[in-house]
Amino acid sequence: MNIAVIGTGYVGLVSGTCFSEMGNNVICVDIDQHKIEKLQKGIIPIYEPGLEKMVLENLGNNNLSFTNNLEKALINSEIVFIAVGTPTGEDGSADLQYVTSVARTIGEKVRKDLIIVNKSTVPVGTADKVKKEIQEALEKRHIEIKFDVVSNPEFLKEGDAINDFMKPDRIVIGAESDYAFKKMKELYSPFFRTHDRFITMDVRSAEMTKYAANAMLATKISFMNEIANICERVGADVNNVRIGIGSDSRIGYSFIYPGVGYGGSCFPKDVKALKRTAEEKGYSPELINSVENVNNRQKLVIITKIVSRFGEDLRGKTFGIWGLAFKPGTDDMREAPSLEVIKELTKRGAKIKVYDPKAMEEAQREYLKSYDNIEYKEYKYEVLKNSEALILLTEWKEFRSPDFKKIKEQLNQSIIFDGRNQYIAYNLEEKGIEYYRIGK
């Protein structure tokens, strides 16, 4: 099948590449000429395990190509995916300017019948806006072309996106015609040959499904962090509580690990957008508000512990940090808890040494470029020398079983602040290490 994917960000690049892996002819479009030139050479702008190899293979067998010419991409395409960014606006709503701009351009350039698919995470009702933009553009051209607008939300986990796309839990399709459902099932059938995971519904329900899914997962995280904070105050251990409730099959263990809060490109943005959508309809989403408030507060829990131990004035003190990305397996630092922790430490006069296996280039280029009191280290143990304490903020595998003897020897004081509760099983107090974690 001939497919165009508009937008080569995280969702667009992963989706286009995985479709090409199944033998489809995929052309990915982006207005950023510099990015396109890099992608044509197989240079990937994001870190995602397995993606670079798959892009190179499909470039090599001509299943995948990249262009900044949307009109060219539309010529032979049967299905066009819109996968552009929907950043959070000042009022918390999803900014649809890029989605509507693409829709308008499609209406101005399309020459034949087409299925347009919203792959971007968008508020309920966006498909109607896309349809309106295309229809108005067609009317200005005085031509009549049949088109369907479909909602097909993505459910990809950063760090495991290739596996998620190739072996999906479910494929949600919202459409208005049997033809659109048929074509979408034809496209996705290679991805669920052993078990039918193709779920059809109306467009608005499909749009809502994405927000509901992310809000539910964010709720589990904030709930467990709330329980962790209560545990600290009543003398309970949240890790024991987690095991106790996770064994209940109705609850399960997924997303109930306490820590320094969620971040990334999805949960924070989608919770805000869902909250804004509800408020626009006159409904006060009290639970969703609480999920966001708990998460914002949770990012400062480690700071509270550090200040309690060292005092408010951190001038003359250096802290070593392991982990900048919001989660392991990615270089994404959007809304990462590390940003809040570093801001609060430096605000109090502290100096920082950091190590992250993937996110340091992104940090220096964008998120932490304004800081002059941060040292970036090539190896994880280099952050320890002359540091007062080690702070763990991202649970990369290489941090899971470190040399605690080396940590103790190199730190000025043998102190670990564990923002991900990774070292509970090591009985660090018995090793002479002062150990602080979440929920105890």
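Residues numbered from 1 in each chain as written. Predicted model: local features only at pLDDT ≥ 70, side-chain atom pairs only at ≥ 80, totals over all residues. Heavy atoms only, no water.

Novice: Can you lay out the sheet that holds strand β13 (residues 415-418) for me, pointing to particular residues and giving the numbers?
Specialist: Read from one edge of the open sheet, six strands run β11-β10-β9-β12-β13-β14, paired in parallel fashion. Single-partner strands in this sheet number two, and they are β11 (374-376) and β14 (434-437). Direction aside, the axes of adjacent strands within the sheet are offset by 20° on average. Pairing analysis gives four bridges linking strand β9 (residues 318-322) to strand β12 (residues 389-392), with the strands arranged parallel. Opposite Phe319, over in β12, you have Ala389 as the bridge partner. (Pairing = 2+ DSSP bridges. Helix = DSSP H or I, 4+ residues; strand = E, 2+ residues; numbered from the N terminus. Axes fitted to C-alpha atoms, helices over the stretch in contact; angles between N-to-C directions.)

Novice: With reference to specific residues and values, describe the packing of helix α9 (residues 203-234) against helix α10 (residues 238-246).
Specialist: Close contact between α9 and α10 brings their axes to 9 Å; oriented N to C, the two are set at 135°. Judged by the inter-axis angle, α9 sits oblique to α10. You can see that α9 and α10 cross each other, and the crossing is right-handed. Two secondary-structure elements touch here, α9 through Met224, Ile227, Ala228 and Cys231 and α10 through Val238, Val241, Arg242 and Ile245. Residue composition of the contact of α9 with α10, grouped by class: seven nonpolar, no polar and one charged. (Parallel < 35°, antiparallel > 145°, perpendicular 65-115°, else oblique. Left-handed = near helix turned anticlockwise from the far one by under 90°. Contact = heavy atoms within 4.5 Å. Nonpolar A, V, L, I, M, F, W, Y, C, P; charged D, E, K, R; others polar.)

Novice: An account of unusual backbone geometry is requested, with residue identities and associated values reported.
Specialist: Across residues other than glycine, the phi torsion is negative in most instances, and most of the peptide bonds are trans. For Phe255, which is not glycine, the phi torsion reads 65° and is therefore positive. Positive phi, close to 65°, is recorded for Asn386, a residue that is not glycine. Here Asn386 shows up in the loop between β11 and β12. By relative accessible area, Asn386 is classed as partly exposed at 48%. (Buried < 20%, exposed > 50% of the residue type's maximum accessible area, 1.4 Å probe, protein only.)

Novice: Help me get a handle on the packing of aromatic side chains, residues and values and all.
Specialist: Tallying each qualifying case throughout the model produces 19 aromatic pairs. The interplanar angle of 35° and the centroid separation of 5.1 Å between the aromatic rings of Phe19 and Phe81 together place this pair among those described as tilted. You can see Phe19 sitting in helix α1 (residues 10-21) and its partner Phe81 sitting in strand β4 (residues 79-82), a full 62 residues away along the chain. Residue classification places Phe19 among the buried positions, given a relative accessible area of 0%. By relative accessible area, Phe81 is classed as buried at 1%. A centroid spacing of 6.3 Å and a plane angle of 45° characterise the contact between Phe255 and Phe267, whose relative ring orientation is tilted. You can see Phe255 sitting in the loop between α10 and α11 (267-280) and its partner Phe267 sitting in helix α11, a full 12 residues away along the chain. Here the aromatic cluster, defined as three or more aromatic residues joined through ring pairs, consists of Phe19, Phe81, Phe165, Tyr188 and Phe191. Above the face of the Phe155 ring, Arg170 is positioned so that its terminal group lies 3.7 Å from the ring centre. Over the ring of Trp322 we find Lys380, and its NZ or CZ is 5.8 Å from the ring centre. (Phe/Tyr/Trp six-rings, centres within 6.5 Å; stacked < 30°, edge-to-face > 60°. Lys NZ or Arg CZ within 6 Å of the ring centre and 35° of its normal.)

Novice: Lay out the pattern of salt bridges with the relevant residues and their values.
Specialist: In the structure shown here, the tally under the stated rule is 31 salt bridges. With a shortest N-O distance of 3.8 Å, Lys299 and Glu335 are connected by a salt bridge. Taken together, the positions of Lys299 in the loop between α12 (286-298) and α13 (301-310) and Glu335 in the loop between β9 and α14 (337-347) put the pair 36 residues apart, joining distant regions of the chain. In this structure Lys299 comes out as buried when scored by relative accessible area, which is 6%. According to the relative accessible area criterion, Glu335 is partly exposed, its value standing at 38%. What you see here is one network of salt bridges that share partners, running through Glu312, Glu344, Lys347 and Arg348. (Salt bridge = Lys/Arg side-chain N within 4 Å of Asp/Glu carboxyl O.)

Novice: Please provide a residue-by-residue account of the environment of Tyr435, values included.
Specialist: Among the structural elements, Tyr435 can be located in strand β14. Tyr435 sits 261 residues away from Gly174 along the chain, and the two C-alpha atoms are 50 Å apart. Beyond its immediate stretch of four places on either side in the chain, Tyr435 contacts Ile416, Asp418, Asn421, Gln422, Tyr423, Ile424, Leu428 and Glu429. Within the local environment of Tyr435, its side chain forms a polar contact with the backbone nitrogen of Tyr423, the two atoms lying 3.4 Å apart. A polar side-chain atom of Tyr435 sits 3.5 Å from the main-chain amide nitrogen of Ile424. (Polar contact = N/O pair within 3.5 Å; in protein donor to acceptor, adjacent residues only side chain to side chain.)

Novice: Explain the nonpolar core to me, and be specific about the residues and the numbers.
Specialist: By size, the foremost hydrophobic cluster in this structure holds 55 residues, and its most contacted members are Phe319, Trp322 and Leu345. Apart from the residues within four sequence positions on either side, Leu345 is in contact with Ile303, Ile306, Leu314, Phe319, Ile321, Ala350, Ile352 and Ile391. Grouped together as the second largest cluster of nonpolar side chains are 41 residues, Val5, Val26, Leu39 and Leu156 included. (Core = buried A, V, L, I, M, F, W, Y, C linked by side-chain atoms within 4.5 Å.)

Novice: Lay out the environment of Leu13 in plain terms, naming residues and giving numbers.
Specialist: Along the chain, Leu13 turns up in helix α1. Spatially, the C-alpha atoms of Leu13 and Ile46 are 9.4 Å apart, while their sequence positions differ by 33 residues. When neighbours within four sequence positions are excluded, Leu13 is seen to be in contact with Gly7, Thr8, Leu39, Ile44, Pro45, Leu51 and Phe66.

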